[in-house]
Amino acid sequence: MSITAGEDTFALLDNCRPFEVEASEPLLTFDVKHDVPLPDNFTEEWRQEEEGDEIACGHCEEKPAFAFYSRGELAGWTSCSPDYRQATVSTNKLPKLALDNAMMVCYALATACLDTLLFHSSVVSRNGKAYMFLGPSGTGKSTHTRLWLRYVEGSKLLNDDNPVVRVSDSGVAMVYGSPWSGKTPCYINEQYALGSIVRLAQAPYNAIRRMRPLEAYATMSSSVSGKRWDRNIADGLHNTLNTLAAQTAVWHTDCLPDKEAAIMTSSTI
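Residues numbered from 1 in each chain as written. Predicted model: local features only at pLDDT ≥ 70, side-chain atom pairs only at ≥ 80, totals over all residues. Heavy atoms only, no water.

Topic: the nonpolar core
Here is step 1: In this structure, Phe66, Phe119, Met132, Met220 and Leu244 are the most contacted members of the largest nonpolar core, which totals 71 residues.
Here is step 2: Among the elements that line this core, the one with the most residues is helix α2 (residues 95-110), at 11 residues.
Here is step 3: What Met220 contacts, discounting residues up to four positions off in sequence, is Phe119, Leu134, Ile197, Leu241, Leu244, Ala245 and Val250.
Here is step 4: Formed by eight residues, the second largest nonpolar core is a distinct cluster that contains Ala56, Cys60, Tyr69 and Trp77. (Core = buried A, V, L, I, M, F, W, Y, C linked by side-chain atoms within 4.5 Å. Buried < 20%, exposed > 50% of the residue type's maximum accessible area, 1.4 Å probe, protein only. Helix = DSSP H or I, 4+ residues; strand = E, 2+ residues; numbered from the N terminus. Contact = heavy atoms within 4.5 Å.)

Here we look at the pattern of salt bridges
Oppositely charged side chains can pair when the atoms bearing their charge come close.
Here is step 1: Under the defined criterion, the tally for this structure stands at eight salt bridges.
Here is step 2: In this structure, the salt-bridge partner of Asp14 is Arg17, at a minimum N-O distance of 3.0 Å.
Here is step 3: Note that Asp100 is salt-bridged to Lys96, the shortest N-O span being 3.4 Å. Placement of both Asp100 and Lys96 in helix α2 is noted, with a separation of four residues, approximately one turn of the helix.
Here is step 4: A residue is classified by how much of its surface remains accessible, and Asp100, at 16% relative accessible area, is buried.
Here is step 5: What makes Lys96 partly exposed here is its relative accessible area of 30%.
Here is step 6: Where salt bridges share partners, they join Glu44, Arg47 and Glu54 into one cluster. (Salt bridge = Lys/Arg side-chain N within 4 Å of Asp/Glu carboxyl O.)

So, the packing of aromatic side chains
Here is step 1: All told, the structure shown has four aromatic pairs when counted by the stated rule.
Here is step 2: Between the aromatic rings of Tyr107 and Trp180, the centroid separation amounts to 5.7 Å while the plane-to-plane angle is 50°, which identifies the pairing as tilted. Highlighted residues: Tyr107 in helix α2 and Trp180 in the loop between β13 (173-176) and β14 (191-202), separated in sequence by 73 residues. We note that Tyr107, like Trp180, is buried.
Here is step 3: Consider the rings of Tyr131 and Trp148, whose centres lie 5.7 Å apart with planes at 40°: the pair is tilted. Here the residue Tyr131 occupies a position in strand β10 (residues 129-134), and Trp148 occupies one in helix α3 (residues 141-151), the gap between them amounting to 17 residues. (Phe/Tyr/Trp six-rings, centres within 6.5 Å; stacked < 30°, edge-to-face > 60°.)

Observations regarding the sheet that holds strand β4 (residues 53-60)
Here is step 1: Taken together, seven strands build an open sheet; the order of strands is β1-β2-β7-β6-β5-β4-β3 and the sheet is mixed. Edge positions in the sheet fall to β1 (2-4) and β3 (42-50), since each of these pairs with one other strand and no more. The average angle at which neighbouring strand axes cross in this sheet is 20°, direction not considered.
Here is step 2: Two elements, β1 and strand β2 (residues 29-34), share three bridges in a ladder whose sense is parallel. (Pairing = 2+ DSSP bridges. Axes fitted to C-alpha atoms, helices over the stretch in contact; angles between N-to-C directions.)

All quantities given are derived from atomic positions and should not be read as evidence of function.
Okay, structure coming up:
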């Protein structure tokens, strides 16, 4: 990513510093401005809410645009080129939230056709592989990873909210840390081969079963960011999800938030 902004803006990007590289051709370019009002011609198409924060997806005339809210207050907004690789970001009431969301959204959409997926997941690494835990907010993804860190020897948190998965040219699925990790500050520039994926569900007992490929596809699809009404993006997501569903062990776990659940999943997958 390349960012044009003042020093006060760069001070907000500590989560990105572990991912800095030498100057190269950037995938994404951002021009950051301050206190520019959301245009009257912003047309909303869809909105996502999570724990009081909202992302409104739409367009300003012919350009894709996104508005970011927290507790009903405009944090900022961004308008993008049709391929999502160039964007102008206005930071309003909450500049940090606006910047993080703008970068995350543009990254997810610009890479959707590059064998890359941005997951909503908590992920741990162990013995050279990454293990991802999926589920709606409040399911207990972070709780389960903490149980692994405590009871499964050699476990290390890689990311607690938005890891990146990419299928390499050789067909190997790799999991990467990212600058976006929810409320847990975990910004680790490391990569591991994908071991398994686990869909968590709260239950008064512990049980685990392996999903069939079609069920695995649906489970992963619900945890991946993207504009599915955009044909190019939808096709890119589908192709990558299809590859993962065919070659990755995906499990469904009914579990309690206890040591036995962590031991059960770790010993099975």
